[in-house]
Amino acid sequence: MISKAPAIVILGPGSLATARRIQQCYPGALIHGLAGRVEGADRQYLEFGATLRELYQQDTPIIALCAAGIVIRTLAPLLLEKGVEPAVLAVAEDGSAVVPLLGGLGGVNVMAREIASTLQVAPAITTSGELRFGTCLLNPPSGYRLDDLEQGKRFVSDLLAGEPVRIEGAAPWLDQAHLPQDQQARLAIRIDSAAGVPAVDELRIYPRNVVVALNAGTTDIAAIGDALTQAGLAVQSLACVLAADSDMTRPALHEAAASLGVPLRFACAGGDIAQWLSEALGQPASIRRMGSLAIAVAEQPLDPHRIGRPRGRLAVIGLGPGAAELMVPAVRAELDRANDVLGYETYVRMAGPFRPDQVQHCTDNREELQRARHAFELAAQGRSVVVVSSGDPGVFAMAAAVLEALHESTNAHWHAVDLQILPGVSASLATAAQAGAPLGHDFCVLSLSDNLKPWSIIEKRLDLAAQADLALAFYNPISRSRPWQLGRALEIVAQHRTAQTPVVLGRDIGRPGQTLRVTTLGQLTPDQVDMRTMVLIGSSTTCVFPRADGGQWVYTPRWYGSKPL
Ligand code: SAH
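Residues numbered from 1 in each chain as written. Predicted model: local features only at pLDDT ≥ 70, side-chain atom pairs only at ≥ 80, totals over all residues. Heavy atoms only, no water.

Caption draft 1: Structural detail: the site of the ligand. Neighbouring residues of the ligand: 20 residues in total, closest V395, S426, A427, M531 and T533. P321 has a polar backbone atom sitting 3.5 Å from a nitrogen atom of the ligand. One of the backbone N or O atoms of T533 is found 2.7 Å from an oxygen atom in the ligand. Notes on the ligand: free accessible area 540 Å², of which the protein chains cover 93%. (Near = heavy atom within 4 Å. Polar contact = N/O pair within 3.5 Å; in protein donor to acceptor, adjacent residues only side chain to side chain. Areas by Shrake-Rupley, 256 points an atom, 1.4 Å probe, with all protein chains shown as cover.)

Here it is as structure tokens:
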């Protein structure tokens, strides 16, 4: 697993220079600045506490340029579980102190050393084992797995109490450590992939050098564990499960890999299993066939990301209207994991900034089907692809185009892609929320664009919806190439609604320079509207009343007909 890029969180402009220096250590790290206070940060946040807690819960390493006490107090409610926390550091805003706070097992001391060396100061390391031995024994490098954390802690306390230790097996990263080594020692650090319960005096570390491959159509997935046991191998040494491309969509396989805590990778599984397993590994290993599966044991730990390929993923996401707080967390996480981001340039830019390793494919807004096909081509190669829309992807946006492209395709690789549609706050809902609740009763959503449907059908729907006394939300109300349509639409609505009907115009809602205007159907003219505007037209029951701040609240009551008592 590639460890996540840290978030550098700053509260004021005075920290920006230090933050930029720290950013040099971590490609992909973004600087999060307090909105209204910090200009030029990569991302803006509104509330420090909520932001820090969210990052922590998403397992993002945090480098906060502020007092250690603030960070501790902010995260205090979340600190119950140790062992599954990201690294958290406080750094003085002038770069004069680097204090690792949390995440000893998440490599916080390693980060503290890296940052301190960039800032040319000494890190404030307080972990005894780390100070004494120069490394955290309980946090072996990637490619190795510690067996039992609790037992490990006891083992390290014994070492700290002065006991010597022997190393059995290959642990190249311990060559630099200052361990009191003695071949006769009672305590041993043992690094190998053999199965069996560790002895009390042992710290077991497993190299992840084992791969289990399953032939196409293998249904007995429980056999993975049995085969490892039979081969005398510890399940902790499993680096990944390798399955046949043709089994990519089988849920049982994904569940098995998840329950073993390893990635599931795929290869073209034709002919002899030992042969295709060996090709997918691309390095020497001893391979043993066991019925419909085979086990490979390599000399060195294996990087599962280099074995076969993953199941591709395609997520069609909605950014919401614009403001970062209105983006759902699942979308944020999806953008973070993406290899490729596709979409209309404005939206791709809105979804960024991106890491240098993330490829941006910006296209014209009109090439929807072509973009959808391109997305499937990339995802079918095993990449993690995101297609961005503003608002919700299912509302006059990319989700339907992506599904249409898939429906039309007979390409099995496209159909095997893990396709996800992640919702967003649509412009009508974001606008309505700012005005109050104009869509509080039944309403109808229409696009006034006749690019993809005949104008006659728009007129018919408008007429019927207006007649049915539904509140109306108009997307794509007007554009340079469609100048007269909105005027005609309003004429149709006016046949069924009074001139006093409340109207809400939201422009660039959730974006810089947003405006919200409450008017009436009688006063509305097309020149008050442009393509960045959402038009909400009330029903016969929609009301308006003054807000204490001088504005107006608009709502449509929940009831219809006679008011319930
Ligand atoms: N998928 C989008 C809608 C795309 S259609 C969504 O769910 O919001 C584009 C139209 O949406 C624009 O012409 C405009 O009418 C409306 N729109 C999109 N973003 C908006 C915003 N931030 N403020 C007001 N209207 C917006």
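Caption draft 2: Fine view of the nonpolar core. Core analysis: the biggest nonpolar cluster contains 23 residues, and V212, L228 and I295 have the highest contact counts within it. Of all the elements in the fold, those that place two or more residues in this core are β11 (210-214), α7 (223-230), β12 (238-244), α8 (251-260), β13 (264-267) and β15 (293-298). Contact partners of V212, with chain neighbours within four places excluded, come to I224, L228, L238, C240, V241, L242, L293, A294 and I295. Grouped together as the second largest cluster of nonpolar side chains are 22 residues, L448, F474, L486 and L490 included. (Core = buried A, V, L, I, M, F, W, Y, C linked by side-chain atoms within 4.5 Å. Buried < 20%, exposed > 50% of the residue type's maximum accessible area, 1.4 Å probe, protein only. Helix = DSSP H or I, 4+ residues; strand = E, 2+ residues; numbered from the N terminus. Contact = heavy atoms within 4.5 Å.)

Caption draft 3: Broad picture of the packing of helix α12 (residues 368-380) against helix α13 (residues 398-408). Their axes nearest at 8 Å, the elements α12 and α13 cross at an angle of 65°. Seen from above, α12 lies across α13 with right-handed handedness. When α12 is examined against α13, the residues E368, L369, R371, A372, R373 and F376 are found in contact with a partner set consisting of M398, A401, V402, E404, A405, L406 and E408. Split into classes, the residues belonging to the contact of α12 with α13 amount to 8 nonpolar, no polar and 5 charged. (Axes fitted to C-alpha atoms, helices over the stretch in contact; angles between N-to-C directions. Left-handed = near helix turned anticlockwise from the far one by under 90°. Nonpolar A, V, L, I, M, F, W, Y, C, P; charged D, E, K, R; others polar.)

Caption draft 4: Quick peek at the environment of V262. Within the secondary structure, V262 is located in the loop between α8 and β13. When the C-alpha atoms of V262 and A177 are compared, they prove to be 29 Å apart, with 85 residues separating the residues in sequence.

Caption draft 5: Highlighting the sheet that holds strand β8 (residues 165-169). What the 4 strands build is an open sheet, ordered β7-β10-β9-β8; its pairing is mixed. Lying at the two open borders of the sheet, with one neighbouring strand each, are β7 (144-146) and β8. Taken pair by pair, the neighbouring strands of this sheet meet at an average axis angle of 20°, ignoring direction. Pairing of β7 with strand β10 (residues 202-207) involves 3 bridges; the strand directions are antiparallel. What sits directly across from Y144, in β10, is P207. This element, helix α6 (residues 149-160), spans β7, β8, β9 (187-191) and β10 of the sheet and lies at about 135° to β9. (Pairing = 2+ DSSP bridges.)

Caption draft 6: Up close: the environment of V544. Mapped onto the fold, V544 is located in strand β27 (residues 543-546). Here V544 falls in the partly exposed class, since its relative accessible area comes to 33%. Sequence separation between V544 and Y56 is 488 residues; the distance between their C-alpha atoms is 42 Å. Excluding anything up to four places from it in sequence, V544 contacts P502, V518, Q552, W553 and V554.

Caption draft 7: Quick look at empty space enclosed by the protein. Scanning all chains against the criterion turns up 1 cavity of 30 Å³ or more. Here the largest cavity is characterised by a volume of approximately 40 Å³. Contributing to the lining of the largest cavity are P438, L439, P502, V503, V504, L536, I537, G538, T542 and V554. Listed by contribution, the elements that provide at least two residues to the lining of the largest cavity are β24 (502-507) and β26 (533-537). The leading source of residues in the lining of the largest cavity is β24, at 3 residues. Tallied by class, the residues present in the lining of the largest cavity amount to 8 nonpolar, 2 polar and no charged. (1 Å grid on protein atoms, 1.4 Å probe; cavity = no way out; pocket = protein on both sides within 12 Å on 5 of 7 lines; lining within 4 Å. Points joined across faces, edges and corners; volume = space filled by probe spheres on them.)

Caption draft 8: Local environment of the domain arrangement of the chain. Segmentation of the chain into domains returns domain 1 (7-126), domain 2 (144-207), domain 3 (210-306), domain 4 (313-425) and domain 5 (428-555). Centre-to-centre separation of domain 2 and domain 3, based on C-alpha positions: 28 Å. Every contact between the two is made by 9 residues of domain 2 and, on the other side, 11 residues of domain 3. Buried surface at the junction of domain 2 and domain 3, summed over both partners, amounts to about 780 Å²; 50% is from carbon and sulfur atoms. In this assembly, domain 2 and domain 3 are joined by 0 salt bridges. Here domain 2 is connected to domain 3 by 4 residue pairs in polar contact (both at pLDDT 80 or more). Taken together, the elements giving at least two residues each to the side of domain 2 that touches domain 3 come down to β7 and β10. By residue class, the composition of the side of domain 2 that touches domain 3 is 5 nonpolar, 1 polar and 3 charged. (Domains from an automatic or database assignment. Buried area = accessible area lost by both parts, 1.4 Å probe. Salt bridge = Lys/Arg side-chain N within 4 Å of Asp/Glu carboxyl O.)

Caption draft 9: Layout of the pattern of salt bridges. Counted according to the given criterion, the structure contains 27 salt bridges. Here D303 makes a salt bridge to R306, at a shortest N to O gap of 3.6 Å. Among the charged side chains, a network of salt bridges with common partners joins D158, E163, R186 and D201.

Caption draft 10: Region of interest: helix α3 (residues 68-75). All of the buried residues along α3 are V71, T74 and L75. Each buried residue of α3 lies within a common arc of 85° when the element is viewed along its axis, so the set occupies one face. On its buried side, α3 packs onto α2 (48-57), β4 (62-65), β5 (88-91) and β6 (98-102). (Arc of directions from axis to C-beta.)

Caption draft 11: Local environment of the packing of aromatic side chains. Evaluation of the coordinates by the stated rule reveals 7 aromatic pairs. Sitting over the face of the ring of W553, R547 holds its NZ or CZ atom 3.7 Å from the ring centroid. (Phe/Tyr/Trp six-rings, centres within 6.5 Å; stacked < 30°, edge-to-face > 60°. Lys NZ or Arg CZ within 6 Å of the ring centre and 35° of its normal.)

Caption draft 12: View of the side chain of S193. Within the secondary structure, S193 is located in the loop between β9 and β10. Residues in contact with S193, not counting those within four places in the same chain, are R204, Y206, P207, N209, V210, G232, L233, A234 and S237.

Caption draft 13: The arrangement of the side chain of Q358 in detail. Topologically, Q358 is positioned in the loop between α11 (345-351) and β18 (359-363). A distance of 3.0 Å separates the side chain of Q358 from the backbone oxygen of L335, its partner in a polar contact. In this structure Q358 touches L335, D336, A338 and N339, once residues within four positions along its chain are discounted.

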